[in-house]
Amino acid sequence: MENEYKIPDQVRNDGIKLIGIPSFDITSLNNSMNALLKIPKICYKIYQAMQWADHIHLRCPGNIGLLGCFVQILFPKKPKTVKYAGNWDRTSKQPRSYRLQKWILSNTFLTRNCKVLVYGEWPNQSKNIVPFFTASYSEKEIEAIEIRSVLGFKKQIPHQVRNDGYDGQESNEVQHVDSERHPQLDWGSQDLDFDKQIPHQVRNDGILKFIYVGGLTPGKQPLLSVQVIHKLKKNGYNVQLDMYGDGVEKAKITDYILDNSLEGIIILHGNTSKEIVKKAYQQAHFLVFISKSEGWPKVVAEAMFWGCVPMTSNVSCVPEMLGNGSRGTIVTANLDEIVNAVENYVNNDSLYAHHAQNGMDWSTLYTLEKFEDEIKKLL
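The structure contained in this document is the topic of the report that follows.

**Focus: the overall build of the chain**
When helices and strands are tallied, the chain shows 16 helices and 10 strands. When each of the 379 residues of the chain is scored for burial, the buried share is 41%. Of the contacts made within the chain by residues no fewer than 6 positions apart, 67% connect residues no fewer than 24 positions apart. Roughly 20900 Å² of accessible area belongs to the chain as shown, and the carbon and sulfur atoms make up 53% of that amount.

Next up, the structure:
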């Protein structure tokens, strides 16, 4: 009710009509039987909407998208666009329903007068397939970002951790007080001092910072990101991982953190606002995101936008996004490989700076304004 008064024209009274249809899935025999009863009614509603429309837009892959793929065949003369939000790579392992949607959309006899927007450029495509992108930030948000340095993080060396004039010689009393403090308390209590002293150097607190942004689901392998940080800590690095997102893997991750006493260096933030995540990107050195399946992983492009170097998996158009290794590092789900990739950057600060700058130069080309302009051309 509050939002209705604050934003009266955004959902209602703006020419947008939402037509409800029943949900369905085929994850069990019982659900499949129910789906058979619902699908004719859903297809009829889709048909009515397409008959009325001047332009048809589908979002695939998905259950309703699949039905839309079949119904649009009946409207060969109407202009259409399709946003294929999944992985368009034909060689990747995908559900049969996804492969069926790709086949229908690529078939220019069945799908006519249509532009199919896919992530990445792929060989041997039909003429209606158009490489596309998505965006998260506006041109107005572009700002000068100082490249973070990864020098001085090779091992935990007392002279490099605090950067506050501390020479490693403290009285026993002071050492005892420090040992009682929780690392998160120290981290937070220094915010104001460091913000005043070194406002443009990401706190300069001697911590190699990592970020994970996404659902805590098996497909995105968030526990692997946690294990990377754990191993780096064992190797003597002063590290921290901030995780943004929620999901079924949260309990498993929490147990791992508690079992290995990682509470001070791995922080679960849950789902939070875009602005908070944006500030986290601006302070992180690395994104660790080893997902099994993506279309255009926004978090990879977002990290690069703010000079945060991605360590991510070889799925969909990710190699293209990373400039085949010139804007970050493609890794497998092998723990040692990911840790070695991080150490390679720590041992080569100029390489890190080069990849971070390349990432910013590329990602800031894909803004919301450019996205809107490209959509207008398709209409």
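Back to the write-up after that little detour.
**Considerations on the pattern of salt bridges**
For the coordinates displayed, the defined rule picks out eight salt bridges. We note a salt bridge from Lys-274 to Glu-141, for which the minimum N-O separation is 3.7 Å. In this pair, Lys-274 sits in helix 11 (residues 274–283) while Glu-141 sits in the loop between strand 4 (129–132) and helix 5 (158–161), placing the two residues 133 residues apart along the sequence. Residue classification places Lys-274 among the partly exposed positions, given a relative accessible area of 44%. Between Glu-249 and Lys-252 there is a salt bridge, and its shortest N-O distance comes to 3.6 Å. Among the residues examined, Glu-249 registers a relative accessible area of 11% and is labelled buried. By sharing partners, the salt bridges in this structure join Glu-141, Lys-274, Glu-275 and Lys-278 into a single network.

**So, the packing of aromatic side chains**
This structure, assessed with the given rule, holds 19 aromatic pairs. On the basis of an interplanar angle of 25° and a centroid distance of 5.2 Å, the ring pair of Phe-132 and Phe-133 is categorised as stacked. We note that Phe-132, like Phe-133, is buried. Ring geometry for Trp-296 against Trp-362: centres 5.8 Å apart, planes inclined by 25°, an arrangement best described as stacked. Here Trp-362 lies in helix 15 (residues 349–363) and Trp-296 lies in the loop between strand 8 (286–289) and helix 12 (298–305), a separation of 66 residues in the sequence. Across the pair, exposure class does not vary: Trp-296 and Trp-362 are buried alike. Among the aromatic residues, those joined into a cluster by ring pairs are Tyr-119, Phe-132, Phe-133, Trp-296, Trp-362, Tyr-366 and Phe-371.

**A short note on the side chain of Ser-316**
Topologically, Ser-316 is positioned in the loop between strand 9 (309–313) and helix 13 (318–321). Taking the relative accessible area as the measure of exposure, Ser-316 reaches 7% and is therefore buried. A polar atom in the side chain of Ser-316 sits 3.5 Å from the backbone oxygen of Glu-294.

**Considerations on the nonpolar core**
Ranked by size, the top nonpolar core spans 65 residues in total, and within it Leu-208, Phe-210, Ile-211, Leu-232, Ile-266, Tyr-281 and Phe-286 carry the most contacts. With residues up to four places along the chain from it excluded, the contact list for Phe-286 reads Val-150, Leu-208, Lys-209, Phe-210, Ile-211, Cys-308, Val-309, Met-311, Val-342, Tyr-345 and Tyr-352. By size, the runner-up hydrophobic cluster in this structure holds 21 residues, among which are Ala-35, Trp-88, Val-116 and Val-118.

**Re helix 4 (residues 96–106)**
Three or more residues of helix 4 are buried, namely Gln-101, Lys-102, Ile-104, Leu-105 and Ser-106. Those residues of helix 4 that are buried are in contact with strand 1 (56–60), helix 3 (63–71), strand 2 (80–84), strand 3 (114–119) and strand 4.

**Here's the deal with the environment of Pro-79**
With respect to the helices and strands, the residue Pro-79 is situated in the loop between helix 3 and strand 2. Those residues in contact with Pro-79 that lie beyond four places of it in its chain are Asp-54, His-55, Ile-56 and Asn-113.

**Quick notes on helix 9 (residues 222–234)**
Here helix 9 spans 19 Å end to end across 13 residues, near enough to the 18 Å set by a 1.5 Å rise per residue. Regarding helix 9, the residues found buried are Pro-222, Leu-223, Leu-224, Ser-225, Val-226, Val-228, Ile-229, His-230 and Leu-232. Among the structural elements, strand 5 (208–213), strand 6 (239–244), helix 10 (250–259), strand 7 (266–270), strand 8 and helix 14 (335–346) are those in contact with the buried residues of helix 9. Looking one or two residues past helix 9, Gly-236 carries a phi angle of roughly 100°, positive in sign.

**Structural notes on the pairing of strand 7**
Bridge count for strand 6 against strand 7 is four bridges, and the pairing is parallel. Note on strand 7: the bridge partner recorded for Leu-241 is Ile-266. Taking the sense of rotation as the criterion, the β-α-β connection linking strand 6, helix 10 and strand 7 turns out right-handed.

**Remarks on the environment of Val-331**
With respect to the helices, strands and loops of the structure, Val-331 is situated in strand 10 (residues 329–331). C-alpha of Val-331 to C-alpha of Thr-312: the two residues are 19 residues apart in sequence and 5.8 Å apart in space. Not counting residues within four places of it along the chain, the set of residues in contact with Val-331 comprises Ile-290, Met-311, Thr-312, Ser-313, Asn-314, Glu-337, Ile-338 and Ala-341.

**A short note on the state of the cysteines**
In a disulfide, the sulfur atoms of two cysteines are held together by a covalent bond. One pass over the full model with this rule turns up zero disulfides. No disulfide involves Cys-69; its nearest neighbouring cysteine sulfur is the one of Cys-60, lying 3.8 Å away. According to the relative accessible area criterion, Cys-69 is buried, its value standing at 0%.

**Notes on the sheet that holds strand 7**
Spatially, six strands are ordered 7-6-5-8-9-10 in an open sheet, and the strand pairing comes out parallel. Taken across any chain shown, the strands that pair with only one partner, and hence form the sheet edges, are strand 7 and strand 10. Recorded for the sheet is a direction-independent mean angle of 25° between the axes of neighbouring strands. Two elements, strand 8 and strand 9, share four bridges in a ladder whose sense is parallel. From the neighbouring strand, Val-288 faces strand 9, where its bridge partner is Met-311. Where helix 12 meets the sheet, it contacts strand 5, strand 8 and strand 9, and its direction lies at approximately 175° from that of strand 8.

Analysis parameters
Residues numbered from 1 in each chain as written. Predicted model: local features only at pLDDT ≥ 70, side-chain atom pairs only at ≥ 80, totals over all residues. Heavy atoms only, no water. Helix = DSSP H or I, 4+ residues; strand = E, 2+ residues; numbered from the N terminus. Buried < 20%, exposed > 50% of the residue type's maximum accessible area, 1.4 Å probe, protein only. Contact = heavy atoms within 4.5 Å. Areas by Shrake-Rupley, 256 points an atom, 1.4 Å probe, with all protein chains shown as cover. Salt bridge = Lys/Arg side-chain N within 4 Å of Asp/Glu carboxyl O. Phe/Tyr/Trp six-rings, centres within 6.5 Å; stacked < 30°, edge-to-face > 60°. Polar contact = N/O pair within 3.5 Å; in protein donor to acceptor, adjacent residues only side chain to side chain. Core = buried A, V, L, I, M, F, W, Y, C linked by side-chain atoms within 4.5 Å. Expected span 1.5 Å × (residues − 1). Pairing = 2+ DSSP bridges. Right-handed = clockwise from strand over helix to strand, strands pointing away. Disulfide = S-S within 2.5 Å. Axes fitted to C-alpha atoms, helices over the stretch in contact; angles between N-to-C directions.

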